[in-house]
Amino acid sequence: MSLVVRTLIRLSDHEIQNEDASKVYINVPKKVLEMYTIKVGCLLNGDIEQIKKFMDENENLNPQIRTGPKDYSQIIGSKVKMIFYGGSAEEDHDYLFFPKQIAIKLTSYAVFPNDYIIKMRFDTISCGWKRTKLYSETSVNFDDTEQYYD
């Protein structure tokens, strides 16, 4: 089965200590990954299922920035190896950073952090040579997007 995450795409203001990681990331609750004891830098393997602007198309976050119509068919279905960083003990979430090549693809389609929601499905974790299936007997869904539509 899998872990399905639907959340806001974000941009980090910290330097990432991984040459493959971009500054673009998503959050996931610690609870959904803590049982797997994932180390920093391990990869969550999955694919992109949906990209959506989080506000109504008639509402602009920044009226000075306008983009043309977009076809995300070149992004939807892309295989992604998200880079894991655990949040601090005080935080209730962990971070999954997009690899640079996917962040570049998002940028080329003007998918701006804090303006877009992404839905991703993760099936396995890779740490070195070890590969572990995520939730082999069920699916876990995490969706924190209601707060953006209130």
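Remember, predicted model here, so these are calculated numbers, not experimental data.

Caption draft 1: Representation of the environment of Ser78 within the structure. Locating Ser78 in the fold gives a position in the loop between β4 (43–53) and β5 (79–85). When the C-alpha positions of Ser78 and Ile48 are compared, they lie 5.6 Å apart, and in sequence the two are 30 residues distant. In this structure, Ser78 is in contact with Gly46, Asp47, Ile48 and Lys105, ignoring residues within four places of it in sequence. Polar side-chain contacts of Ser78 include one of 2.7 Å to the backbone oxygen of Ile75.

Caption draft 2: Geometry of the side chain of Ser2. By the element assignment, Ser2 lies in strand β1 (residues 2–8). Residues within four places of Ser2 in sequence aside, it is in contact with Arg121, Phe122, Asp123, Leu134, Tyr135, Thr138, Ser139 and Val140.

Caption draft 3: Spatial organisation of the packing of aromatic side chains. The full count for this structure, using the stated rule, is seven aromatic pairs. Both rings, one in Tyr25 and one in Phe97, keep their centres 5.3 Å apart while their planes meet at 45°; by these two values the pair is tilted. Linking Tyr25 in strand β3 (residues 21–29) with Phe97 in strand β6 (residues 93–99), this pair joins segments that are 72 residues apart in sequence. Through successive ring pairs, a cluster of aromatic residues spans Tyr25, Tyr85, Tyr95 and Phe97.

Caption draft 4: Here's a closer look at helix α2 (residues 100–108). Among the residues of α2, Ile102, Ala103 and Leu106 are the ones counted as buried. Projected down its long axis, α2 shows its buried positions confined to an angular sector of 100°, all on one face. Residues of α2 that are exposed and point over 90 degrees away from its buried face: Gln101, Ile104, Thr107 and Ser108. Looking at the buried residues of α2, the elements they touch are β3, β4, β5 and β6.

Caption draft 5: Spatial organisation of the state of the cysteines. Applying the stated criterion across every chain yields a total of one disulfide. Disulfide pairing places Cys42 opposite Cys127 at an S-S distance of 1.7 Å. Disulfide Cys42 to Cys127: torsion about the S-S bond roughly 120°, handedness right-handed. With Cys42 in the loop between α1 (30–33) and β4 and Cys127 in strand β7 (residues 116–127), this residue pair connects regions lying 85 residues apart in the sequence. Note on Cys127: relative accessible area 25%, which makes it partly exposed.

The rules behind each value
Residues numbered from 1 in each chain as written. Predicted model: local features only at pLDDT ≥ 70, side-chain atom pairs only at ≥ 80, totals over all residues. Heavy atoms only, no water. Helix = DSSP H or I, 4+ residues; strand = E, 2+ residues; numbered from the N terminus. Contact = heavy atoms within 4.5 Å. Polar contact = N/O pair within 3.5 Å; in protein donor to acceptor, adjacent residues only side chain to side chain. Phe/Tyr/Trp six-rings, centres within 6.5 Å; stacked < 30°, edge-to-face > 60°. Buried < 20%, exposed > 50% of the residue type's maximum accessible area, 1.4 Å probe, protein only. Arc of directions from axis to C-beta. Disulfide = S-S within 2.5 Å.

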